[in-house]
Amino acid sequence: MTDKHEWLGTHTRAPDESLDGWARVCRAQAERNLAKWGPQDWETLGLAIAEETGELAQAILKCLHEGGPRDRIQEEAVDLGALCLQVLQGFSAPNSVISVRKDNQGHSSEKN
Ligand SMILES: [Mg+2]
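Quantities reported herein were computed from a predicted structural model and do not represent experimental measurements.

Reading the values: the criteria
Residues numbered from 1 in each chain as written. Predicted model: local features only at pLDDT ≥ 70, side-chain atom pairs only at ≥ 80, totals over all residues. pLDDT = per-residue confidence, 0-100. Helix = DSSP H or I, 4+ residues; strand = E, 2+ residues; numbered from the N terminus. Expected span 1.5 Å × (residues − 1). Buried ≥ 20, exposed ≤ 12 C-beta atoms within 10 Å, placed from the backbone. Arc of directions from axis to C-beta. Contact = placed C-beta atoms within 7 Å. Core = buried A, V, L, I, M, F, W, Y, C linked by C-beta atoms within 7 Å. Axes fitted to C-alpha atoms, helices over the stretch in contact; angles between N-to-C directions. Parallel < 35°, antiparallel > 145°, perpendicular 65-115°, else oblique. Left-handed = near helix turned anticlockwise from the far one by under 90°.

The subject of this paragraph is the confidence of the model for the protein. In the predicted model, the protein carries a mean pLDDT of 82, and 69% of its residues have values of at least 70. Across the protein, the secondary-structure element scoring lowest on mean pLDDT is strand β1 (residues 100–102), at 55, and the one scoring highest is helix α2 (residues 42–66), at 97.

The next point concerns helix α1 (residues 19–37). With 19 residues, α1 ought to run about 27 Å at 1.5 Å a step, and its terminal C-alpha atoms sit 26 Å apart, in line with that. For α1, every residue scored as buried is listed here: V25, C26, Q29 and A30. Taken end-on, α1 shows its buried residues confined to a sector of 140°, consistent with a single buried face. α1 presents D20 and A35 as exposed residues on the side facing more than 90 degrees away from its buried surface. Here the buried face of α1 lies against α3 (70–88).

Let us look at the nonpolar core. Looking at soluble globular proteins, one finds that nonpolar side chains tend to be buried together. By size, the foremost hydrophobic cluster in this structure holds nine residues: V25, C26, A30, L56, A59, V78, L80, A82 and L83. Elements with a contribution of two residues or more to this core: α1, α2 and α3. Ignoring anything within four residues of it in the chain, the contact list for A82 reads C26, Q29, A30 and N33.

Attention shifts here to the environment of I73. Relative to the helices and strands, I73 is located in helix α3. Judged by the 19 C-beta atoms lying within 10 Å of it, I73 falls in the partly exposed class. Considered as a pair, I73 and K62 are eleven residues apart in the sequence and their alpha carbons are 9.4 Å apart. Ignoring sequence-local partners within four residues, the contact set of I73 consists of L56, A59, I60 and C63.

Here the focus is the packing of α1 against α3. Running from N to C, α1 and α3 cross one another at 70°; their axes reach a closest spacing of 8 Å. Of the possible angle classes, the one that applies to α1 and α3 is roughly perpendicular. As α1 packs across α3, the resulting crossing turns out to be right-handed. For the pair α1 and α3, contact is made by V25, C26, R27, Q29, A30, N33 and L34 and by V78, D79, G81, A82, L85 and Q86, respectively.

Our next topic: α2. Across its 25 residues, α2 extends 34 Å between first and last C-alpha, which sits within 8% of the 36 Å expected from 1.5 Å per residue. Residues E52, L56 and A59 constitute the buried set of α2. Close packing links the buried residues of α2 with α3. Backbone geometry just after α2 places G67 at a positive phi near 75°.

Set out below in structure tokens:
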């Protein structure tokens, strides 16, 4: 089992199907992203959101037309939801997330 699948465990559903249940799953994924990558600037997050949007669309199309797994749709939706939470986190603190960039060696620097 990969880290990506931790939230599913051996199940293909979140603990419950409510919006709150899925919000908790997305939040947990956002926290794992932050632990792994640290704060990311909006440009990086925006590009990641575009990538995950494509992956979600692909998972839906594969499920509907090629017999692809339904749980892949959940995984990609959680990936996308987590990234959207990361954009919103600290939204009112423009000197935090917006200004932090990482170079390709992972070093943080201020953008402003
Ligand atoms: Mg994905």
